[in-house]
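An overview of the molecular structure
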Amino acid sequence: MFAVREFRAVFGAHLLSLLGVTVSELALTVLVYSLTGSPLLSALTFALGFLPYLVGGTLFAGVADRYPARRVLVTCDLICAACVAVMVLPGTPVAGLLALRCLVAAVAPVFTGTRMAALTDVLGDGDLFVLGRSLLRIVSQSAALIGFGAGGLLLAVVSPRGAITITVGTFLCSALLLRFGTRARPARSGGGGALLKESLAGARTVLGDRRIRALMLLFWVPALFVVAPEALAAPYADAIGAGPAALGLMMCAMAVGHIGAELYAGTALGPRTRSRIVLPVAAAGLLPLLVYAVRPGVPLTVVALALAGAGSAYIIGLDQWFVDAVPPELRGRAMTLLTAGLMTGQGIGMALAGLAAEFFPVHQVVTGAGIIGTVCTLLLVAEVRGTAPVPVPGTEVRDTADRHMTSR
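Quantities reported herein were computed from a predicted structural model and do not represent experimental measurements. (Residues numbered from 1 in each chain as written. Predicted model: local features only at pLDDT ≥ 70, side-chain atom pairs only at ≥ 80, totals over all residues. Heavy atoms only, no water.)

1. Examining the overall build of the protein chain
Using the following cut-off: Comment: elements are numbered from the N terminus, with helices defined as DSSP H or I runs of at least four residues and strands as E runs of at least two. Burial status follows relative accessibility: with a 1.4 Å probe on protein chains alone, a residue under 20% of its type maximum counts as buried, one over 50% as exposed, and anything between as partly exposed. Two residues qualify as a contact provided that any one of their heavy atoms is within 4.5 Å of a heavy atom in the partner residue. Per-residue accessibility takes into account occlusion by the displayed protein chains alone, with areas from the Shrake-Rupley method and a 1.4 Å probe.
The helix and strand tally for the protein chain stands at 19 helices and zero strands. Looking at the protein chain as a whole, 52% of its 408 residues qualify as buried. For the protein chain, contacts bridging at least 24 residues in sequence account for 85% of all contacts bridging at least 6. Accessible area for the protein chain stands at about 17,300 Å²; split by element, carbon and sulfur atoms hold 71% of it.

2. Here we look at the packing of aromatic side chains
The geometry of an aromatic ring pair comes down to the distance between the two centres and the angle between the two planes. Keep this limit in mind: Stacked, edge-to-face and tilted labels apply to pairs of Phe, Tyr and Trp rings (six-membered ring for Trp) whose centres lie within 6.5 Å, assigned for plane angles under 30 degrees, over 60, and everything in between, in that order.
Evaluation of the coordinates by the stated rule reveals five aromatic pairs. For the ring pair F2 and F11, a centre distance of 5.1 Å and an interplane angle of 85 degrees mean the geometry is edge-to-face. By relative accessible area, which is 41% here, F2 ends up partly exposed. On the basis of relative accessibility, which here comes to 15%, the residue F11 falls in the buried class. Where Y236 meets Y292, the ring centres are 4.9 Å apart and the plane angle is 55 degrees; that geometry is what we call tilted.

3. Describing the packing of helix α1 (residues 5–36) against helix α8 (residues 160–181)
For any two helices packed against each other, one specifies the inter-axial angle together with the distance between the axes. Just so we agree on the cut-off: Note on definitions: angles span 0 to 180 degrees between N-to-C directions of axes, and those axes are lines fitted to C-alpha atoms, for helices only across the stretch in contact. Oblique is the label for any angle not covered by the other classes, which are roughly parallel (under 35 degrees), roughly antiparallel (over 145) and roughly perpendicular (65 to 115). Helix crossings fall into two classes, left-handed where the near helix is turned counterclockwise from the far one by less than a right angle and right-handed where it is turned clockwise. Each residue receives one of three labels: charged for Asp, Glu, Lys and Arg, nonpolar for Ala, Val, Leu, Ile, Met, Phe, Trp, Tyr, Cys and Pro, and polar for the others, Gly being one of them.
Direction vectors running N to C along α1 and α8 enclose 160 degrees, while the axes themselves pass 8 Å from each other. Compared by their axis directions, α1 and α8 come out roughly antiparallel. Crossing hand, α1 versus α8: left-handed. In terms of residue class, the contact of α1 with α8 is built from 20 nonpolar, eight polar and three charged.

4. Things to note about the side chain of R185
Definition in use: As used in this structure description, the phrase polar contact means that two N or O atoms lie within 3.5 Å; if the pair is within protein, one of them must be able to donate a hydrogen and the other to accept it, and residues adjacent in sequence are counted only when both atoms belong to side chains.
Mapped onto the elements of the fold, R185 is located in the loop between α8 and α9 (195–208). With relative accessibility at 19%, the residue R185 sits in the buried group. A distance of 2.8 Å separates a polar atom in the side chain of R185 from a polar atom in the side chain of E6. Discounting residues that sit within four places of it in the chain, R185 has contacts with E6, P68, A69, D121 and V122.

5. Describing the nonpolar core
Looking at soluble globular proteins, one finds that nonpolar side chains tend to be buried together. Test applied: Here, nonpolar core means buried Ala, Val, Leu, Ile, Met, Phe, Trp, Tyr and Cys residues that are tied together by side-chain atoms lying within 4.5 Å of each other.
Core analysis: the biggest nonpolar cluster contains 99 residues, and I164, M216, L218, L318 and F322 have the highest contact counts within it. Setting aside its immediate chain neighbours within four residues, L218 contacts V278, L279, A282, Y314, L318, T377, L380, V381 and V384.

6. Quick word on helix α10 (residues 210–226)
Stated precisely, the cut-off is as follows: Here, expected helix span is obtained from the residue count minus one, scaled by 1.5 Å. Note that the bend at a residue is defined as the angle between axes fitted to the seven residues ending at it and the seven residues starting at it.
Compared with an ideal rise of 1.5 Å per residue, which puts 17 residues at 24 Å, α10 spans 25 Å between its outermost C-alpha atoms and is within 8% of the ideal. Of all the bends in α10, the greatest, near 25 degrees, is centred on L217. By the criterion of burial, α10 is predominantly enclosed, with 13 of the 17 residues buried. Capping the start of α10, D209 holds a side-chain oxygen 3.0 Å from the backbone nitrogen of R211, two or three residues further along.

7. Side note on α8
In this model, α8 (22 residues) spans 31 Å end to end at C-alpha, consistent with the 32 Å of a helix rising 1.5 Å per residue. Here α8 has its buried residues at P160, R161, A163, I164, T167, V168, T170, F171, S174, A175, L178 and G181.

8. Some words on a nonpolar patch on the surface
Selection rule: Patch rule: a residue counts if its relative accessible area is over 30% and it has no salt bridge; like charges are joined within 9 Å, and nonpolar side chains (Val, Leu, Ile, Met, Phe, Trp, Tyr) within 5 Å. We define a salt bridge as a contact between a side-chain nitrogen of Lys or Arg and a carboxyl oxygen of Asp or Glu at a distance within 4 Å.
On the surface, L287, L290, I371, I372, V375 and L379 cluster together into a nonpolar patch covering about 530 Å² of accessible area. With respect to the helices and strands, the residue V375 is situated in helix α19 (residues 362–386).

9. Points about unusual backbone geometry
Phi angles above zero are rare outside glycine, and R295 is one such case at about 50 degrees. Structurally, the position occupied by R295 is in the loop between α15 (278–284) and α16 (298–310).

10. Re the environment of T22
Inspection of the secondary structure puts T22 in helix α1. Taking the C-alpha atoms as reference, T22 lies 9.1 Å from T167; in sequence the two are 145 residues apart.

11. Examining the packing of helix α5 (residues 69–88) against helix α6 (residues 94–123)
One way to put it is that α5 packs onto α6 with a least axis distance of 9 Å and a crossing angle of 160 degrees. Looking at the two axes, α5 sits roughly antiparallel to α6. Every pair of crossing elements has a handedness; the one defined by α5 and α6 is left-handed. Of the residues in α6, those touching α5 at A69, V72, L73, C76, D77, I79, C80, C83, V86 and M87 are L97, L100, R101, L103, V104, V107, V110, F111, T114, R115 and A118. A per-class count over the contact of α5 with α6 returns 17 nonpolar, one polar and three charged.

Next up, the structure:
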């Protein structure tokens, strides 16, 4: 992958954008709290990183296919840089800070979906795309382990506004890398109607296809339930009498499992094997959460969370199925919608887990998430299996359709 010059630019831009988003999220949360003294507004600042994804991913998805990918990516970075620059101004009110946070979050799914679609141009739509997508996902997961820690260290030596100022530079550098490190390519579609109408029409087309809809839901549904233990890590640690160090282990265990599983699947397994494990691993991915039924201590909890994170190994094969199923002219909109739904689902999952924990013990909520999530995923697995393309009898399937097939 790194032998491809354009991928090196995309990868570098991804790192810089992640750094900018992570540090700005943390610094803005601290800034809002210092200005208001309100824990609610501070928490809302962080939550606003999830909520606008659905709006941006649905209403602006048409941008990803309607305009050249490089122009869209650079423009998104420049918009984020401008928003963050206004956040730095001392006169910006708290309401303005929250509105700018929403705008950055609304731009994010368009940027991510366009980049995912552009990867098929840079690396092709075969195994290199799958591995490149996996690598970017690993970097994103690593940001959860490293990014906030680095942001915390940065805030120890500079003010929140100073930290936010640094992120203006990261977004601008990302824009420069994409502008001069990637080739100009034409738009995927030449739609000339209203953007909103085109975006909604693309969403209807994507979700109206039974195969694409089933694959998209297989991304979304397990993610909706697997976030429950992370959302409730602090109250669960308190319930079992665990200290801050144990809480830290529980918070990072799932990300470690995810990273390890993706690295193993990408390096040790071939494309055919990755395709074969998609459905069984997806079906079993939430089962480790059932350990919470016995209200486990810290060691067993950490192991269960790492195994739940490792259950994401099915995604690397599912990526290939998805890109094969979506027509090239719809890839930008489909991948933008995929990103929006994934982030929105995680936000909803966290909120529902917190709501349930108001009425039931935390360990029962996480166990329930494992049970309900597994049942829902099994239904989806049956649907995905039922929509798999059937090869023509008596011929060897040599096109990309065979990647959809599981072992029969």
